[in-house]
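The primary structure of each chain is shown beneath.
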Amino acid sequence: MWSNNLLVVVILNWGTLVTGDIGSTERRRYSNPTYYNVGGVLSSNESVTYFKDTISNLNFKDQYVPRGVTYHDYSMLMDPNPIKTALNVCKNLIYHRVYAVVVSHPLTGDLSPAAVSYTSGFYHIPVIGISSRDSAFSDKNIHVSFLRTVPPYSHQADVWVDVLKHFNYMKVIFIHSSDTDGRAILGRFQTTSQSVDEDVDRKVVVEQVIEFEPGLDSFSDRLMDVKGAQARVFLMYASKTDAEIIFRDATFLNMTTVGYVWMVTEQALDAANAPEGLLGLRLVNATNEHAHIQDSIYVLASAIRDMNKSDEILAPPSDCDNSGTTWTTGRLLFDYIRKQRLENGATGYVAFDDHGDRVHAEYDMVNVRAQGEHVAVGKYIYSKETHKMRLELKEQEIIWMGRSTSKPEGFMIPTHLNVLTIEEKPFVYTRRIDDGSDCNPEEIPCPHYNATEDTDQLYCCKGFCMDLLKHLSKTINFTYSLALSPDGQFGNYVIRNFTQPGAKKEWTGLIGELVYERADMIVAPLTINPERAEFIEFSKPFKYQGITILEKKPSRSSTLVSFLQPFSNTLWILVMVSVHVVALVLYLLDRFSPFGRFKLANIDGTEEDALNLSSAIWFAWGVLLNSGIGEGTPRSFSARVLGMVWAGFAMIIVASYTANLAAFLVLERPKTKLTGINDARLRNTMENLTCATVKGSAVDMYFRRQVELSNMYRTMEANNYDNAEQAIQDVKQGKLMAFIWDSSRLEFEAAQDCELVTAGELFGRSGYGVGLQKGSPWADLVTLAILDFHESGIMESLDNLWILRNNMLNCEENEKTPNTLGLKNMAGVFILVLAGIIGGIVLIVIEVVYKRHQIKKQKRMEIARHAADRWRGAVEKRRTLRASILPSQRRAKSNGVKEAGSISLAVDRGARRRDEPRVPRYLPAYTPDVSHLVV
């Protein structure tokens, strides 16, 4: 023993430090110690002696100890009493300023390593365990400076995962105790089995977990609960005594016979009644304490060597009573030890993880034979080439349960499956039966799954997927019970209870029934996508498809003035103006032309007038409308030249109108409004454009994944439907402009209704697959059967029967058939004729009324003319009478006869009253001037 009063002389050396065979020189930045004390708490005197010898030999190994540096040992035997162990550590180790402590597992009791770890860890003195494998030592909150050259028991889960994948056992039952190690190994197994590696499709699934309290009396009830499970592979972590109880009850229940696989940890492998065919793990060099002592000392020396090059090393504490200072070098030394790699250690490749636990430890795969013989049938070793662990098994030497030499399947394949589907034309048609009759021969009964209401209602299913299910059942030999989706949904990954704290996401619909193992298989148009594949198993696609857009074909609006569409409004106005301008020019040319009038032959010198304006307008309209012109043609040569030019113009206009009218009324209408998913109207949605998909569907998940479609998805999310059927009906009715869904369904709908059409190219290509539980034994069988169906033509026949039947046939014929004009197209023309008739009737009424007014006016003029003539006759008579009376009056005057004059005047007045005509009421009274008659 070195003296307790040993003085460590620190020599300041700023020169170079030669490190033996390394041959390199580095400048010392700090005055670090040259003497290092290492403590040991070991289980036997033999180990103590080996510890001392190893330290002594270490001083002569230049690759670990630089020249001028010396290591000294201080060791002690472990005490079963943890309190005494802690006191001895302070008295015999910390007092001597040890830089690290190597601790072994006690012969009796389990707390001594913990006592050493607590005591040394309080001062941050690194502790290297060489046999302590409890998972509690991985907790750095408690054991802050503990490392170990042996792995914890939970690391056996890594070996189990590789063994299971090697044997292709993808579903297991996990049995473990409820202590720290049991829960740790379960957590590590679940993490390792689900980790993403190069074989992401092969993940081990834990079908059931059985946790028990240590100290069992019976385990029969727990084993009975899992006897009906599919998995036949049992992984068990238990102590030796608990394992004996479990093996006893499993043997009694015939669960250690042919077809079962049991894999256990090291403790359970030592059970006295371990059944023949059991597989277990055994850590290599687990009991070789000398090898672990050597590796731990070499790792410590390597860490101090590296630390000595670049960091300042302070002296460790020497008094347990003084806790006021923290040894920072201890923390730094712990990190250096954890980073060390020992390529050729006595126990193999030595390395540590972040918790200070040994990694890359090597195991033997042990097979239990008759009379409890343990035979190594494989190794789990570190490969220096790949720097990974490698599993080597001798499968032909393994004796399985029931003394079988052939590898069990590892699962019990159920022959009757619960199959779910969902209504989706043309893959699944449903028909409700209310009268209690049976389904047709081509149909399959399919009630709603777990229906609580209307349980007496029965549905019958048929379609592409139903025929596929029948073929699968016959090919891979299983029976089934078919049911419809409980909520009519494919399934969405959502949070159900938002109000509850810590609420987790759950799958709904078909996927939820499969994830929570309430169903065995989904045969439906189920799209394969990453979100679903993470939770369920998919077969190879039975049909490839993509995503497309369904919309209603745009209809050409046939208005009442559709016959005016061939010409623009401007052209119609110009034609109308041209008619009247030409008519006016014709009238003027014919009016002022010297040859506009001529005498007609064989007529007595009469002369015909030139073309009037009314006739010129009639002529212009007649030529334009290609009607016969009987009268009112131009007479002059200049006007006739213009008439011929106008006739040519009319011919061109009429021919152009006729051709363009046919194009407008008969030409094929455009098929789509949208160009596809990249249409700007979809990417930047407008208020008058609505698009949608189905909530929680694969299409909905696709839009969530695509960042470039996020703006579009936010707009359409509020319009999404619960099912595709309702959305398609709204497209037909014009309530929804674009429905985004699987191409197979939408192309089928477009084939059934020629008013519907798919827009753009397919995007988001994927396939339909059969859904199964994770690790289902039917997955490979279903995949192989589907591949065989593709090769044998069964899939093609199903396509022809259900999808391509009448597909695009009628619509293509309608597209090829010329469009016929109907009343809707030509209604405006008939209305124009009706307007002409009504206009003619109105004009004739106006003409009649006007004519009657003219006749009355002419009659009044005739009466006035007759009255005027009578008045003129009376005046003439009076003038004649007066002319005859005047000579006689002169004679009478000359004869003096006055009486005669008086008599003549009287006679004249009497005659005037008799001959005086009656003056009409509406004519002014006329009084003849007879003053000149008075003598």
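See the structure above.
The structure reproduced in this document is the subject of the present report. (Residues numbered from 1 in each chain as written. Predicted model: local features only at pLDDT ≥ 70, side-chain atom pairs only at ≥ 80, totals over all residues. Heavy atoms only, no water.)

1. Here's the deal with the overall build of the protein
Here is the rule: Only DSSP runs of H or I with at least four residues qualify as helices, and only runs of E with at least two residues qualify as strands; both kinds are numbered from the N terminus onward. For each residue, the accessible area found with a 1.4 Å probe, counting protein chains only, is set against the maximum for its type, and the residue is called buried under 20%, exposed over 50%, and partly exposed in between. Each accessible area is a Shrake-Rupley result for a 1.4 Å probe, and residues are judged covered by the shown protein chains and nothing else.
Regarding its fold elements, the protein presents 26 helices and 32 strands. Within the protein, the fraction of its 935 residues that count as buried is 44%. Roughly 49300 Å² of accessible area belongs to the protein as shown, and the carbon and sulfur atoms make up 54% of that amount.

2. Let's talk about the pattern of salt bridges
Applied cut-off: We define a salt bridge as a contact between a side-chain nitrogen of Lys or Arg and a carboxyl oxygen of Asp or Glu at a distance within 4 Å.
Counting across every chain of the model gives 24 salt bridges. Asp158 is paired through a salt bridge with Arg188; the nearest N and O atoms lie 3.0 Å apart. Taken as a pair, Asp158 in helix α4 (residues 156–167) and Arg188 in helix α5 (residues 180–193) lie far apart in primary sequence, 30 residues in all. Linking Arg431 and Glu443 is a salt bridge whose minimum nitrogen-to-oxygen distance equals 2.7 Å.

3. Overview of the state of the cysteines
Inclusion rule: Put simply, a disulfide is two cysteine sulfurs that come within 2.5 Å.
Per the counting criterion, the structure on display carries three disulfides. A disulfide bridge connects Cys90 with Cys320, and the sulfur atoms are separated by 2.1 Å. Judged by the sign of its S-S torsion, about -100°, the bond between Cys90 and Cys320 is left-handed. Pair noted here: Cys90 is in helix α2 (residues 82–92) and Cys320 is in the loop between α9 (289–310) and α10 (328–339), with a separation of 230 residues, a long-range link. Linked covalently through their sulfurs, Cys446 and Cys461 form a disulfide whose S-S length is 1.9 Å. Between Cys446 and Cys461, the S-S dihedral sits near 90°, and the bridge is therefore right-handed. Of this pair, Cys446 sits in the loop between β21 (444–445) and β22 (458–462) while Cys461 sits in strand β22, and the two are 15 residues apart along the sequence. Looking at Cys446, the relative accessible area reads 0%, which means it is buried. Here Cys461 falls in the buried class, since its relative accessible area comes to 0%.

4. Section: the environment of Lys203
Inclusion rule: Contacts: residue pairs with any heavy atoms within 4.5 Å of one another.
Note on placement: Lys203 falls in the loop between α5 and β9 (205–212). C-alpha separation for the pair Lys203 and Lys774, spaced 571 residues apart in sequence, amounts to 8.4 Å. In this view, Lys203 contacts Met170, Ser193, Gln194 and Ser195; residues no more than four positions away in its chain are not counted.

5. A short note on the nonpolar core
How we decide: Only buried residues count toward a nonpolar core, which is a set of Ala, Val, Leu, Ile, Met, Phe, Trp, Tyr and Cys residues joined through side-chain atoms within 4.5 Å.
In terms of nonpolar packing, the biggest core is built from 53 residues, with Val41 and Tyr71 touching the most fellow members. A total of nine residues in this core trace back to one element, the largest contributor, which is α9. Leave out the neighbours within four places in its chain, and Tyr71 touches Tyr36, Val38, Ile55, Leu58, Asn59, Val65, Ala301 and Ile304. Listed in part, the 49 residues of the second largest apolar core include Ile511, Ile677, Ile728 and Ile740.

6. Details of the sheet that holds strand β14 (residues 348–352)
For sheets, the rule is that strands pair by backbone hydrogen bonds, running either parallel or antiparallel. Spelled out, the test is: Any two strands with at least two DSSP-identified bridges between them are counted as paired. As a rule, the C-alpha atoms of each element are fitted with a line to give its axis, helices using only the stretch in contact, and angles between N-to-C directions run from 0 to 180 degrees.
In spatial order, the strands read β13-β14-β15; together these three strands make up an open sheet with antiparallel pairing. Looking at which strands have only one partner, the edges of the open sheet turn out to be β13 (342–345) and β15 (358–359). Note: β13 against β14, two bridges, orientation antiparallel. The residue of β14 that forms the bridge with Leu342 is Val350. Contacts from α9 reach β13, β14 and β15, with the element oriented near 150° to β13.

7. Quick word on unusual backbone geometry
Between Lys425 and Pro426 the backbone carries a cis peptide bond, its omega angle lying at -5°. One can find Pro426 in the loop between β19 (416–421) and β20 (429–433).

8. Regarding the side chain of His143
Here His143 lies in the loop between β6 (127–129) and β7 (146–148). Overall, the relative accessible area of 3% leaves His143 in the buried class. Residues contacting His143, with those up to four places away along its chain left out, are Ala114, Ser117, Tyr118, Ala136 and Phe137.

9. Some details on the packing of helix α14 (residues 569–592) against helix α15 (residues 613–624)
Rules: Any angle from 65 to 115 degrees is called roughly perpendicular, while one under 35 is roughly parallel, one over 145 is roughly antiparallel, and all others are oblique. Crossings are classed by handedness, with left-handed meaning an anticlockwise turn of the near helix from the far one by less than a right angle and right-handed meaning a clockwise turn. Basically, the charged four are Asp, Glu, Lys and Arg, the nonpolar ten are Ala, Val, Leu, Ile, Met, Phe, Trp, Tyr, Cys and Pro, and anything else, Gly included, counts as polar.
Running from N to C, α14 and α15 point in directions that differ by 135°, and their axes come no closer than 8 Å. Looking at the two axes, α14 sits oblique to α15. Here α14 and α15 pass one another in a crossing that is right-handed. Of the residues in α15, those in contact with Val575, Met576, Val579, His580, Ala583, Leu584, Leu586 and Tyr587 of α14 are Leu613, Ala616, Ile617, Phe619, Ala620, Trp621 and Leu624. Its residues assigned to classes, the contact of α14 with α15 shows 14 nonpolar, one polar and no charged.

10. Concerning the pairing of β14
The buried fraction of β14 amounts to five of the five residues, a majority that puts the element mostly inside the structure. Hairpin connection from β13 to β14: two residues lie between these consecutive antiparallel strands. The pairing of β14 with β15 spans two bridges and is classified as antiparallel. From the neighbouring strand, Phe352 faces β15, where its bridge partner is Arg358.

11. Focus: the sheet that holds strand β5 (residues 98–103)
Spatial strand order, β4-β3-β5-β6-β7: five strands in an open sheet with parallel pairing. Edge strands, defined here as strands with exactly one partner in the open sheet, are β4 (70–77) and β7. Ignoring which end each strand starts from, the neighbouring axes of this sheet average 25° apart. Alignment of strand β3 (residues 35–42) against β4, held across eight bridges, turns out to be parallel. Note that in β4 the partner of Gly39 across the bridge is Tyr74. Strands β3, β4, β5 and β6 of the sheet are contacted by α9, whose axis makes an angle of about 155° with β3. Relative to β7, α10 is tilted by about 20°, and along the sheet it contacts β5, β6 and β7.

12. Examining the environment of Gln565
In this fold, Gln565 is placed in the loop between β28 (543–552) and α14. Residue Gln565 is classed as partly exposed on the basis of its relative accessible area, which comes to 27%. Separated by 96 residues in sequence, Gln565 and Leu661 place their C-alpha atoms 7.4 Å apart.

13. Here we look at α2
Heads up, the rule is: Arc, as used here, means the arc of the directions from the helix axis to the C-beta atoms. By the criterion applied in these results, polar contacts are pairs of N or O atoms within 3.5 Å in which, for protein atoms, one can donate a hydrogen and the other can accept it, and in which residues neighboring in sequence qualify only through two side-chain atoms.
Listed in full, the buried residues belonging to α2 are Thr85, Ala86 and Val89. Taken around the axis of α2, the buried residues stretch over an arc of 100°, which confines them to a single face. Set apart from the buried face of α2 by more than 90 degrees, the exposed residues are Ile83, Leu87 and Lys91. Between the side-chain oxygen of the N-cap and the backbone nitrogen of Ile83 there are 2.9 Å, and the N-cap of α2 in question is Asn81.

Purely spatial values, then, with no claim about function.
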